[in-house]
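# Inside the fold
Given next are the chains, with one letter for each unit.
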2 protein chains.
Amino acid sequence: MTLKKPTIDDVAGLAGVARTTVSRVLNGGPNVRDEVRQRVLKAVEALNFRVNPQARSLAGGGSRMLALVFASDLDTEPNSFYTSALELGALRGCLALGYQLLTRHVAQQSPDRRRLVLDLIASHKCQGIILTPPFADDVTLIEDVRRLGSHVVTISPGGSGRDVADGVGIDDEAGGYDIARHLLSLGHRRFAFMSGIEGHLSAARRRDGLSRALLEGGLKPDGVEILQGDFTFRSGGILTARLLDGPSPPTALICANDDMAAGALSISHGRGLDVPGDLSITGFDDTPVSAIVWPPLTTVHQPLKDMAHDAVVALVERLNGSAGGWRFQTLSHAVVQRESTGRPAPKRATATA
Amino acid sequence: MTLKKPTIDDVAGLAGVARTTVSRVLNGGPNVRDEVRQRVLKAVEALNFRVNPQARSLAGGGSRMLALVFASDLDTEPNSFYTSALELGALRGCLALGYQLLTRHVAQQSPDRRRLVLDLIASHKCQGIILTPPFADDVTLIEDVRRLGSHVVTISPGGSGRDVADGVGIDDEAGGYDIARHLLSLGHRRFAFMSGIEGHLSAARRRDGLSRALLEGGLKPDGVEILQGDFTFRSGGILTARLLDGPSPPTALICANDDMAAGALSISHGRGLDVPGDLSITGFDDTPVSAIVWPPLTTVHQPLKDMAHDAVVALVERLNGSAGGWRFQTLSHAVVQRESTGRPAPKRATATA
DNA sequence: GTGAAAGCGCTAACAG
DNA sequence: CTGTTAGCGCTTTCAC
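Fair warning: this is a prediction, and the values are worked out from it, not measured in the lab. (Residues numbered from 1 in each chain as written. Chains lettered and ligands numbered in written order. Predicted model: local features only at pLDDT ≥ 70, side-chain atom pairs only at ≥ 80, totals over all residues.)

## Digging into the overall build of chain A
The helix and strand inventory of chain A stands at 13 helices and 12 strands. Counting only C-alpha atoms, chain A reaches 80 × 45 × 35 Å along its principal axes. Counting across all 353 residues of chain A, residues that qualify as buried make up 50%. (Helix = DSSP H or I, 4+ residues; strand = E, 2+ residues; numbered from the N terminus. Buried ≥ 20, exposed ≤ 12 C-beta atoms within 10 Å, placed from the backbone.)

Take a look at the structure:
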């Protein structure tokens, strides 16, 4: 089975061409008759041939270096579940494909953040770069990177980024819609939404989904109170406190990530609120936090590792010359129902332990 | 600067020997006069030469495949911070050194777990394996692996594992000692210790450290109530509930990992206890959970990523023929003081926000 | 358009 | 003990 992997020469032999030609086909090179190309492709298929990345790299094909960039500010640090999962996925992909990975955290606030990213890929001769939000929607940056001769793939672009580069992500709008439907079906009517940092467009889409669900349910989307958070546990707590002090607190709070939801949960406990009896809270991402807090969070699962892995694959495909328009790969999400959501109880809910 | 990396031929030239000889020296091969070996080593040093892992791999030096094994049972799953961090570190190491990594979770309870591990390395021709607790102290398994011609490095062995293989970890006994001293200095006198799954010897060492600190403080170590947990959030909660129902609850609870501490925290909240006023709780590992719960956990930082990274490095060194007795690499730990510990308050503590 | 030849940097038989 | 000779699987000139 795994006895002897076919080599490029095997393919050449089967296709009746020279090794060079196979190489050309593999790398999207020019000067290959279409008929020949097809023949080669067929042979590749038949032999289930995969290039040996090590050999390719040795032979000179570029630096084989990719970069993964995060916009992490100092205080966004505890959000490390998210970044860990993405890095893990990217590393796995790189390992399998024979690429190196350079992970860099760039403070999103720093004025010269674009330059920092560009310097990074220039100095390390990175052939490709994976941009996470909010860089994923920074069209200017993407264009600059490309001008340097490097390829770009984005993770979770929420808007403009999708029109200018390949991307990977879930359908964030649908994610927001689904979680809202869940809450709506439980009987909730008063909602609040806690968003992430500005410019994180995919998080904004989740809110769009919420609006759509509300409209469908005959409610006015602008009745939703919007809290501007920054994805941190801390911001989740602070904003929730403010929310609860307001004139008419909602019965359901939808957070744009798990960390903020955990913060909201914590503050709610501190105030003696029953979750979900007095307030239902939802997260987003389904990171380990969601299972560790009490009650465990109802959240939207996002396959972070797979997303990053697929981003690497997409990037490498482009490096190998694959042509065509930008492709956005939508991975599936799912509402994970745990115990932080339930029917709103006007008076008080009895806990069923 | 990064213009042209020196090759093995450059080294050979400078040392005045054949390329093969350099290769022998590099790979710890036999049949090299000591004088020549020194000369080569000097040349390597002078040129700051590093082997090109891709080329080496291409040329045939083994499968370049390493395995990372976890003992994760179904319900231990949410402990994924710990495993993620280790895998991340191992992946980084592998990427840098040109090795592949195979990560496998084997249910620790399954009767044929040893066979599962052995099959894994046999079928994938893994050249080396990294064992995490409690496998790290499974001497029989380690010997069996070696019999298959594979090398072993352990992460956090707590006992017998340290005498039969290279290892990486922190000084767990000292970690336990340090956290106990911290609590002692705050005025605590009644302690409880929540241990992890059986066979996790390094966690047991943390308890030894606690005992030592108590003795030093003039207290009797056997006055400490021991709770047998399994590292999960859930077990932390259940055991803490039982503890609090007991005749004389402690004022300080030391948990063998952060997840259990988070569970303990959660239950304490549920019972209206003030943490740390009524009960101080400490974790271990300093995973992101510790910063996300409320109040954030005082815990012992363990450089998990570095540990796994160094384990890969140590493994590869052995593969390259480095000889000598088993080496245990002790990385530094540190007590991270957050807000889950404070002076014990007989009556009630006033929160200072 | 296509192919032949020449390596990339290293290890692995073989000879000496 | 040490050096010579072949490749590993692939990309690149450079001819045809």
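## Brief notes about the interface of chain A and chain B
Interfaces are often sized by the accessible area lost when the parts come together. Taken residue by residue, the interface counts 26 residues in chain A and 26 residues in chain B. Top element by residues in the side of chain A that touches chain B is helix 5 (residues 80-97) of chain A. It accounts for 9 residues. (Contact = placed C-beta atoms within 7 Å.)

## With respect to the UniProt feature "domain: HTH lacI-type" (unreviewed entry) in chain A
As recorded in UniProt, the sites labelled "domain: HTH lacI-type" (unreviewed entry) are residues 6-60 of chain A. Helix and strand shares over residues 6-60 of chain A are 65% and 0% respectively, and the end C-alpha atoms of the span are 21 Å apart. (UniProt positions renumbered as here; feature names shortened; annotations may be inferred.)

## Quick look at the sheet that holds strand 6 (residues 191-195) of chain B
Residues and elements named next belong to chain B. Pairing in this open sheet of 4 strands is parallel, and the strands run 7-6-8-9 from one edge to the other. Sheet topology places strand 7 (225-228) and strand 9 (280-282) at the edges, where each strand pairs with a single neighbour. When the angles between neighbouring strand axes are averaged without regard to direction, this sheet yields 15 degrees. Where strand 6 and strand 7 come together, 4 bridges link them in parallel fashion. Its bridge partner lying in strand 7, A192 is registered against E225. (Pairing = 2+ DSSP bridges. Axes fitted to C-alpha atoms, helices over the stretch in contact; angles between N-to-C directions.)

## Notes on the protein's contact with DNA strand D
Taken together, 27 residues surround DNA strand D, and among them I8(A), S23(A), A59(A), A18(B) and N31(B) come closest. At the level of secondary structure, the elements contributing two or more residues to the surface near DNA strand D comprise helix 2 (19-26) and helix 4 (53-58) of chain A together with helix 2 (19-26) of chain B. Of the residues belonging to the surface near DNA strand D, the class tally is 12 nonpolar, 11 polar and 4 charged. (Near = placed C-beta within 6 Å. Nonpolar A, V, L, I, M, F, W, Y, C, P; charged D, E, K, R; others polar.)

## Brief notes about the protein's contact with DNA strand C
Lining the immediate surroundings of DNA strand C are 27 residues, of which A18(A), N31(A), I8(B), S23(B) and A59(B) lie closest. Broken down by secondary-structure element, the contributors of at least two residues to the surface near DNA strand C are helix 2 of chain A together with helix 2 and helix 4 (53-58) of chain B. Among the elements that make up the surface near DNA strand C, the one with the highest residue count is helix 2 of chain B (4 residues).

## Regarding the environment of L186(A)
Residues and elements named next belong to chain A. Position of L186 among the secondary structure elements: in helix 8 (residues 172-186). Residues L186 and G28 lie 158 residues apart in sequence; the distance between their C-alpha atoms is 53 Å. If we skip the residues at most four places from it in the chain, L186 touches S280, T341, G342 and R343.

## Comments concerning helix 8 (residues 172-186) of chain B
One full turn of an α-helix is made of 3.6 residues, so residues set three or four places apart face in the same direction. Residues and elements named next belong to chain B. The end-to-end C-alpha distance of helix 8, which contains 15 residues, comes to 21 Å, matching closely the 21 Å that a straight helix rising 1.5 Å per residue would cover. If you check which residues of helix 8 are buried, you get D172, G175, G176, Y177, I179, A180, H182 and L183. Along its buried surface, helix 8 packs onto strand 5 (166-170), helix 9 (201-216), strand 8 (252-255), strand 9, strand 10 (299-301) and strand 12 (334-336). A positive backbone phi angle near 110 degrees is found at G187, which sits one or two residues after helix 8. (Expected span 1.5 Å × (residues − 1).)

## Some thoughts on the relation of the copies chain A and chain B
Mapping chain A onto chain B calls for a rotation angle of 180 degrees and an axial translation of 0.1 Å; the resulting RMSD is 0.2 Å. Both copies of the chain, as the preceding transformation shows, are related through a two-fold rotation axis. Comparing interface residues between copies, 100% of those in chain A also lie at the interface in chain B; the contact surface is shared. (Least-squares fit on C-alpha atoms with pLDDT ≥ 70 in both.)

## Notes on the packing of helix 1 (residues 8-15) of chain B against helix 2 of chain B
Any two packed helices are characterised by the angle at which their axes cross and by the distance between the axes. All names here are of chain B. Relative orientation of the contacting elements helix 1 and helix 2 amounts to 105 degrees, with a least axis distance of 8 Å. Comparing the axis directions of helix 1 and helix 2 gives the class roughly perpendicular. Across the interface between the two elements, I8, D9, V11, A12 and A15 from helix 1 touch R19, V22 and S23 from helix 2. For the contact of helix 1 with helix 2, the class distribution of residues is 5 nonpolar, 1 polar and 2 charged. (Parallel < 35°, antiparallel > 145°, perpendicular 65-115°, else oblique.)

## Considerations on the sheet that holds strand 11 (residues 328-331) of chain B
All names here are of chain B. If you walk across this open sheet you meet the 6 strands as 2-1-3-4-5-11, and the pairing is parallel. Each having just a single partner strand, strand 2 (100-105) and strand 11 make up the two edges of the open sheet. Averaged over all neighbouring strand pairs, the angle between strand axes comes to 20 degrees, with direction disregarded. As paired elements, strand 5 and strand 11 share 4 bridges and run parallel to each other. Paired with G167 across the two strands is F328, which belongs to strand 11. Across the sheet, helix 5 (residues 80-97) touches strand 1 (65-70), strand 2, strand 3 (128-131) and strand 4 (151-155), and the angle it forms with strand 2 is around 160 degrees.

## Things to note about unusual backbone geometry
All names here are of chain B. Note the cis peptide between V275 and P276, where omega equals 10 degrees. Tracing the chain through its elements places P276 in the loop between helix 11 (258-270) and strand 9. In this chain, W294 is followed by P295 through a cis amide linkage whose omega measures -5 degrees. With respect to the helices and strands, P295 occurs in the loop between helix 12 (289-292) and strand 10.

## Observations regarding the domain arrangement of chain A
All names here are of chain A. The assigned domain composition of chain A is domain 1 (8-59), domain 2 (65-170 + 304-331) and domain 3 (172-302). On a C-alpha basis, the centroid separation for the pair domain 2 and domain 3 is 28 Å. With 17 residues of domain 2 in contact, the opposing surface of domain 3 contributes 19 residues. Contributions of two or more residues to the side of domain 2 that touches domain 3 are made by helix 5 and strand 5 (166-170). Broken down by element, the side of domain 2 that touches domain 3 gets its largest block of residues, 3 residues, from helix 5. (Domains from an automatic or database assignment.)

## Topic: the nonpolar core
Among the nonpolar cores identified, the biggest contains 168 residues, and I130(A), A311(A), L66(B), I130(B) and A311(B) are the most heavily contacted of them. When sequence neighbours within four positions are dropped, the list of residues in contact with L66(B) reads C94(B), Y99(B), Q100(B), L101(B), C126(B), Q127(B), G128(B), I129(B), I130(B), V312(B) and L315(B). (Core = buried A, V, L, I, M, F, W, Y, C linked by C-beta atoms within 7 Å.)

## A short note on the environment of G229(B)
All names here are of chain B. Position of G229 among the secondary structure elements: in the loop between strand 7 and helix 10 (233-245). In this structure G229 comes out as buried when scored by C-beta crowding, with 27 C-beta atoms within 10 Å. Sequence-wise, G229 and F193 are 36 residues apart; in three dimensions their C-alpha atoms are separated by 9.7 Å. Those residues in contact with G229 that sit more than four places away from it in its chain are M194, S195, G196, S235, G236, L239 and M260.

## Some remarks on the packing of helix 2 of chain B against helix 3 (residues 34-47) of chain B
Residues and elements named next belong to chain B. At a minimum axis separation of 10 Å, helix 2 and helix 3 run at an interaxial angle of 90 degrees. Between helix 2 and helix 3, the angle is such that the two are roughly perpendicular. Residues T21, V22 and V25 of helix 2 touch helix 3, and the partners they reach there are V36, R37, V40 and L41. Its residues assigned to classes, the contact of helix 2 with helix 3 shows 5 nonpolar, 1 polar and 1 charged.

## What about the environment of E45(A)?
Residues and elements named next belong to chain A. Tracing the backbone shows E45 in helix 3 (residues 34-47). Overall, the presence of 10 C-beta atoms within 10 Å leaves E45 in the exposed class. In sequence terms E45 and V11 are 34 residues apart; their C-alpha atoms lie 9.3 Å from each other.

## Here's the deal with the confidence of the model for chain A
Averaged over chain A, the pLDDT score is 90; the fraction of residues at 70 or greater is 95%. Every residue in residues 348-353 of chain A is under pLDDT 50, and counting partners more than four places away or in other chains gives 5 contacts. (pLDDT = per-residue confidence, 0-100.)

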